[in-house]
Amino acid sequence: MQKIIFASNNRHKLSEITKLAEGLPVEIVSLKEIGWTSEIPEDYDTFEQNALQKAITIFQHTGLSCFSDDSGLEVEALNGLPGVHSARFYLSKYPDVPPQDRDRYNNLLLLEMLQHSTNRNARFRTVICYVEDGHPHYFEGVVRGTIAYEPAGSNGFGYDPLFIPEGYQITFAQMSSEQKNMLSHRARAMEKFVQYLKNKIR
Ligand code: IMP
């Protein structure tokens with residue numbers, strides 16, 4: 001069975017991709033399982049570069065095929081911000097907020113920056129980079145929607161309480177994880193990646 005490393009320790013992402021890849025003769029292993037403990041910097045300007053950086057670092061270390069993902073929220077009225085800065089967006093205005101409050105302050109800052117904007121269009125985007133024999137392949141997943149005027153819902157994480165996906169009246173945080181996973185940017189990118197693996201293996 002072919003071993004593929006997922007350059008992440010996020011349990012939710014690992015279980016999502018493992019479910020999608022069921023039935024394929026591949027074993028997906030996390031960084032923890034290969035004993036990798038150091039941080040890999042994600043300080044580039046694009047999701048593609050960040051995902052490549054992580055995947056190539058692990059490929060060079062192990063010689064095994066490896067993939068990684070990078071995601072974020074892109075808001076039209078903010079010219080694509082917070083984008084690659086999604087996780088630490090709040091630091092630009094609230095540098096003293098502790099990391100456990102980061103989601104709340106990220107959402108607060110986003111609402112503040114959009115307070116005079118009627119253009120609420122946004123999208124979540126994920127890029128997966130799969131490095132195989134040293135060559136990168138990219139898979140993108142996008143979900144479009146709008147930014148609500150106030151947070152709603154308590155499921156999910158990050159900007160979920162503010163993001164209303166196209167065709168719905170509720171935020172991601174008001175959906176069950178199953179419902180969100182059917183539409184999410186990450187699921188869409190992962191489905192494309194799994195389809196690529198299926199076509200290769202067939
Ligand atoms: P990551 O690259 O998947 O770790 O995502 C980086 C940041 O983007 C997260 O810390 C969140 O702030 C935001 N983000 C990415 N995906 C989602 C999502 O599905 N819902 C809410 N926020 C997200």
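Residues numbered from 1 in each chain as written. Predicted model: local features only at pLDDT ≥ 70, side-chain atom pairs only at ≥ 80, totals over all residues. Heavy atoms only, no water.

S.K.: Summarise the site of the ligand; cite the residues concerned and give the values.
M.R.: In the vicinity of the ligand there are 15 residues, among which Lys13, Ser71, Asp160, Lys180 and His185 approach most closely. Contacts to the ligand include His185, whose side-chain N or O atom sits 3.1 Å from a nitrogen atom. Contact between the ligand and Arg186: an oxygen atom at 3.1 Å from a side-chain N or O atom of the residue. Taking 480 Å² as the accessible area of the ligand by itself, protein coverage stands at 90%. Of all the elements in the fold, those that place two or more residues in the shell around the ligand are strand S3 (66–75) and helix H5 (185–201). Here the shell around the ligand takes three residues from S3, the largest share from any one element. Split into classes, the residues belonging to the shell around the ligand amount to four nonpolar, five polar and six charged. (Near = heavy atom within 4 Å. Polar contact = N/O pair within 3.5 Å; in protein donor to acceptor, adjacent residues only side chain to side chain. Areas by Shrake-Rupley, 256 points an atom, 1.4 Å probe, with all protein chains shown as cover. Helix = DSSP H or I, 4+ residues; strand = E, 2+ residues; numbered from the N terminus. Nonpolar A, V, L, I, M, F, W, Y, C, P; charged D, E, K, R; others polar.)

S.K.: For the nonpolar core, give the residues involved together with the corresponding values.
M.R.: Judged by nonpolar contacts, the single largest core of 23 residues is most densely connected at Leu73, Val75, Leu110, Phe124, Ile147, Phe163 and Phe172. Those elements that place two or more of their residues in this core are S3, helix H3 (102–113), strand S4 (121–132), strand S5 (135–147) and strand S6 (163–165). If one sorts the elements of this core by residue count, H3 sits on top with three residues. Counting 17 residues, the second-largest nonpolar core is a separate cluster that includes Leu14, Phe139, Val194 and Leu197. (Core = buried A, V, L, I, M, F, W, Y, C linked by side-chain atoms within 4.5 Å. Buried < 20%, exposed > 50% of the residue type's maximum accessible area, 1.4 Å probe, protein only.)

S.K.: An account of the packing of aromatic side chains is needed here, citing residue identities and associated values.
M.R.: Counted under the stated rule, the structure contains ten aromatic pairs. Aromatic side chains Phe139 and Phe193 sit 5.4 Å apart centroid to centroid with 50° between the ring planes, which places their arrangement in the tilted category. Taken together, the residues span a long stretch of sequence, with Phe139 in strand S5 and Phe193 in helix H5 at a distance of 54 residues. Both residues of the pair, Phe139 and Phe193, belong to the buried class. Every member of this aromatic cluster is reached through a ring pair, and the members are Phe6, Phe67, Tyr130, Phe139, Phe193 and Tyr196. If you follow Arg120 out to its NZ or CZ, it ends over the ring of Tyr149, 3.8 Å from the centre. (Phe/Tyr/Trp six-rings, centres within 6.5 Å; stacked < 30°, edge-to-face > 60°. Lys NZ or Arg CZ within 6 Å of the ring centre and 35° of its normal.)

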